Amino acid sequence: MARQGSGAMLASGGLGFPPQNLARVVVWEWLNEHGRWRPYSAAVCHHIENVLKEDARGSVVLGQVDVQLAPYVIDLQSMHQFRQDTGTMRPVRRNFYDPSSAPGKGIVWEWENDNSSWTPYDMDICITIQNAYEKQHPWLDLSSLGFCYLIYFSSMSQMNRQTQRKRRLRRRMDLAYPLTMGSIPKSQSWPVGTSTGTPCSCPQCLLVNSTRAASNAILASQRRKLYPGAVRQSSTFAGTALWPVGTGTAAVAGGTTKGEGLRVPGGAFAPSQSVPGGVPLPGLNNLNRPGTQRGAGLGARATVPPGVPALPVKNLNGTGPIHPALAGMTGILMCAAGLPVCLTRAPKPILHPPPVSKSDIKPVPGVNGICRKTKKKHLKKSKTPEDVVRRYIQKVKNPPDEQDCTICMERLVTSSGYEGILSHRGIKPELVGKLGKCGHMYHLLCLLAMYNNGNKDGSLQCPTCKAIYGEKTGTQPPGKMEFHLIPHSLPGYTDSKTIRIVYDIPTGIQGPEHPNPGKKFTARGFPRHCYLPDNEKGRKVLKLLIVAWDRRLIFTIGTSNTTGESDTVVWNEIHHKTEFGSNLTGHGYPDPNYLDNVLAELLAQGVSEATLKD
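Given the structure is predicted, the values throughout are model-derived calculations rather than measurements.

J.: Looking at this structure, I do not really get the packing of helix α8 (residues 536-550) against helix α9 (residues 594-604). What am I missing?
T.: Angle between the axes and distance between the axes: these two values describe a pair of packed helices. For the pair α8 and α9, the least separation of the axes is 10 Å and the interaxial angle reads 25°. What the angle tells us is that α8 and α9 run roughly parallel. Here α8 and α9 pass one another in a crossing that is left-handed. Side by side, α8 and α9 meet where Lys537, Gly538, Lys540, Val541, Leu544, Leu545 and Ala548 of the first sit next to Leu595, Asp596, Val598, Leu599 and Leu602 of the second. Of the residues contributing to the contact of α8 with α9, the split by class is 8 nonpolar, 1 polar and 3 charged.

Below is the structure:
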C-alpha cells in the first residue's frame, strides 16, 4: 500500500548546536576507508559512554560488549580506534542527534547486501529515511546526498537509479542510543594536554600513548598550515561559540503536491545529514562535535611534518609484519631520545587489477569453457558402506600381535573398540583388513565407523598416511566458478597475462553432509577473485582446480579462522592467491613456490595430473 502525504524540501541549517539544557542522543562513529562515518551499535555506544563517565582519558575494550569487536580498542584521548592484532588505526567521533530522531527511538534502517545479510545505513541517512517514513512520503530520493538511490516505502526497497537494481530494505527496532545532558568536560576534547598522572605501563597503553603523541603532532601541523596565526578555540561545550553564527536556523520550503516523494536539495543538508565522504575540520573539537556541522571543503589527508621519521605500524620492510605494540614501544624510545615520531598507515594491498573491458577478457587457452556450476550433492545409493570398505581392503587372517588399530587404539588381535556400539551384518568386530595401496591395517568395523562419520561419497582415506582410495568429494555448497584471461601481469610474471578465477557462492541451508543440517549458513566476501599466471604450470593448476571444484573440494562450511564466525563458507585446505598486485597479506605475488605448493595441496585431496588424463 502506497504511503500518502505531501513532500517537503529540507533546507540548510537545522537544529544548530543544541542548548546546554537540552538532552542529546549520543552516537559514536568510526571513519571507514571510503571516508564515511559508520555508527557503532546502540549497545556499544552505551558501553563507551559508561567508560567515558569513569575516565575521559581511558580506553574502551569493545569486545566486552560485542564479541565480533574483540580485537578493537578505542582510546578516548586520541579519539582513535585501534585493532590490536594488525595495528590499524581509524578516527572515531562522538556525534549528537535530536532525541526524537531515529537513534533516540531505537529505530534502525538496513539494506540487504549480496550475502543476504543486513547492513545498517549511515546514521544521517537512517534519520533522513525515518523522517520521510514518518511523514508518509511514498518515496525518497537520496541523489543529493551523494547516493543514486530511490527508496520506495510501499515495497520497502532501494533502487539504483543507474543500474535499476533493487535491494530489499527493512526497519527494525533496537536499543535506543544513550542520552546526555549538560556541558561536556574539557578533558574529553581532542587533542588533550599532557596528563599529570602516572601513566600505565601495560603494552596496550604504551601503544596508545605513543600513537597519541603522533596524532597530536599531525593535527598541530595541519592547523598551522590551514589556519596560520589562528588562536586555538575553546574545547568546552559553550553553546554556539564554536560554530559560525546563523547555522542554528531551520527553514522548510512550501509543501509539494499530495503523494509526492521527498527530495533533498543539492545545495543544502538537513540537520543530521552529512556531506558524503566529508572529512572533519581539523582544529575543531572532534569529541564534542554535533551532528549539524560537517566539513565538506577539506578532503586532504593529514600530512607528516618535515623531518619527522615515519614509523609504520606494520610491514616496515614491505612483507614482514611487525607487532603494533613493538612499533609503539619503539616510538616511545625514540621520543625519549628527543626524536619526533609519527605513525604512518601500513601500505594497502592491491587486491584487484586495473579495470578490464569485456572485449579484453578472453578464454584461457587449452581450457574448455569459462564457467562451472555445482549443485546439491547427489548420493550414490548403489554402494552401501560395507561395499565401500570391502572394495579397498584385503582381509588379514593373522594380524601382528603388538600392532594397534590407530582408529580405536585397541590391539589388532583383539576386537574393535566399536564392538557393541556399531554392528553390521557380515562384519565381525575381530576382523582385520589391510588397505591395498599403503598396506596399513585396521579393524573392518573401525573403517566402517570412520566412513559413516565422513562424507559417505564412496571413497576412503587412510587415517595414517592420508592415501585416498576412490574419488574423494567434499561438502562445498552450490555455487559458480568462472575463469578467464585478463591482459595484466602478476608481480614475478611480467611476461605472462593473468588467469582470473571468480568464485561465487550464495548463502543457503546446510545439507545432511554439513555440521548443522537444516541451519542457515553465511557466505562472506563473495564473489572471491583469485589469480594465476598464464603459463604452462598456471594453466595446469587451473585445470586441476576445476576438477577440485567439480568434486566440491575448494570450499566447505565451518568456522572462520579470521572472524571466528561459525556456520560460514571457508576455504578447504587448497590455498588461493586473492591479492593481485602485491603480497602484503601473504596471499599475493611474487611467490615463486606457490604453484608447486598448490599442486601438492591438490594431490593431498586426490586431484592429480592423472585425473586430467582420465
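J.: Would you mind showing me how to read the pattern of salt bridges here?
T.: Close approach of charged atoms lets side chains of opposite charge pair. Summed over all chains, the structure comprises 24 salt bridges. We note a salt bridge from Asp122 to Arg38, for which the minimum N-O separation is 2.5 Å. With Asp122 in the loop between β8 (118-120) and α3 (123-134) and Arg38 in strand β2 (residues 37-39), this pair connects stretches of sequence that are 84 residues apart. Like Asp122, the residue Arg38 is buried in the burial classification. Several salt bridges converge on common partners, so that one network encompasses Glu110, Arg170, Arg172 and Asp174.

J.: What is the right way to look at the packing of aromatic side chains in this model?
T.: Aromatic rings in a pair are described by how distant their centres are and how their planes are angled relative to each other. Inspection of every chain in the model, using the stated rule, returns 13 aromatic pairs. Pairing Tyr503 with Phe555 gives two aromatic rings, centres 5.3 Å apart and planes at 85°, and the pair type is edge-to-face. Remark: Phe555 occurs in strand β28 (residues 555-558) and Tyr503 occurs in strand β24 (residues 498-504); sequence separation between them is 52 residues. In this pair, the class of Tyr503 matches that of Phe555, namely buried. With 6.1 Å between their ring centres and 90° between their planes, Tyr589 and Tyr594 make a pair best called edge-to-face. Just as Tyr589 is buried, Tyr594 falls in that class too. In textbook terms, an aromatic cluster arises when at least three aromatic residues are bridged by ring pairs, as seen for Tyr503, Phe526, Trp549, Phe555 and Trp571. Arg24 extends its terminal NZ or CZ atom over the ring of Phe96, reaching a point 5.5 Å from the ring centre. A cation sits over an aromatic face here: Lys577 above Tyr589, 6.0 Å from the ring centre.

J.: What's the story with the sheet that holds strand β18 (residues 393-396) in this structure? I'm lost.
T.: Backbone hydrogen bonds hold the strands of a sheet together, and the pairing may be parallel or antiparallel. The 3 strands lie next to each other as β18-β19-β20, forming an open sheet whose pairing is antiparallel. Where the open sheet ends on each side, the last strands, each with one partner, are β18 and β20 (441-443). Across the sheet, the axes of successive neighbouring strands diverge by a mean angle of 40°, strand direction being ignored. Against the sheet, helix α6 (residues 385-392) makes contact with β18 and β19 (432-435), and its axis sits at roughly 80° relative to β18, the strand it touches most. Running over the sheet, helix α7 (residues 444-452) touches β18, β19 and β20 and is turned about 85° from β20.

J.: Would you explain the sheet that holds β24 in this entry?
T.: One open sheet holds the 4 strands; their spatial order is β17-β23-β24-β27, and the pairing between them is antiparallel. In this open sheet, the two edge strands, each paired with only one partner strand, are β17 (371-374) and β27 (528-533). Strand-to-strand, the axes of this sheet are offset by a mean angle of 20°, without reference to chain direction. As paired strands, β17 and strand β23 (residues 479-486) are joined by 4 bridges and run antiparallel to one another. When the bridges of β23 are listed, Lys373 appears paired with Lys480. Together, β17, β23, β24 and β27 form the strand contacts of α8, whose direction differs from that of β23 by roughly 170°.

J.: I'm lost on the confidence of the model for the protein in this one. Help?
T.: Detailed reading of the predicted coordinates is not advisable wherever pLDDT is low. Considering every residue of the protein, the mean pLDDT works out to 75; 67% of them sit at 70 or more. Low pLDDT (under 50) marks residues 311-322, which in the prediction has 30 contacts with non-local residues, meaning those over four places away or in another chain.

Conventions and cut-offs
Residues numbered from 1 in each chain as written. Predicted model: local features only at pLDDT ≥ 70, side-chain atom pairs only at ≥ 80, totals over all residues. Heavy atoms only, no water. Axes fitted to C-alpha atoms, helices over the stretch in contact; angles between N-to-C directions. Helix = DSSP H or I, 4+ residues; strand = E, 2+ residues; numbered from the N terminus. Parallel < 35°, antiparallel > 145°, perpendicular 65-115°, else oblique. Left-handed = near helix turned anticlockwise from the far one by under 90°. Contact = heavy atoms within 4.5 Å. Nonpolar A, V, L, I, M, F, W, Y, C, P; charged D, E, K, R; others polar. Salt bridge = Lys/Arg side-chain N within 4 Å of Asp/Glu carboxyl O. Buried < 20%, exposed > 50% of the residue type's maximum accessible area, 1.4 Å probe, protein only. Phe/Tyr/Trp six-rings, centres within 6.5 Å; stacked < 30°, edge-to-face > 60°. Lys NZ or Arg CZ within 6 Å of the ring centre and 35° of its normal. Pairing = 2+ DSSP bridges. pLDDT = per-residue confidence, 0-100.

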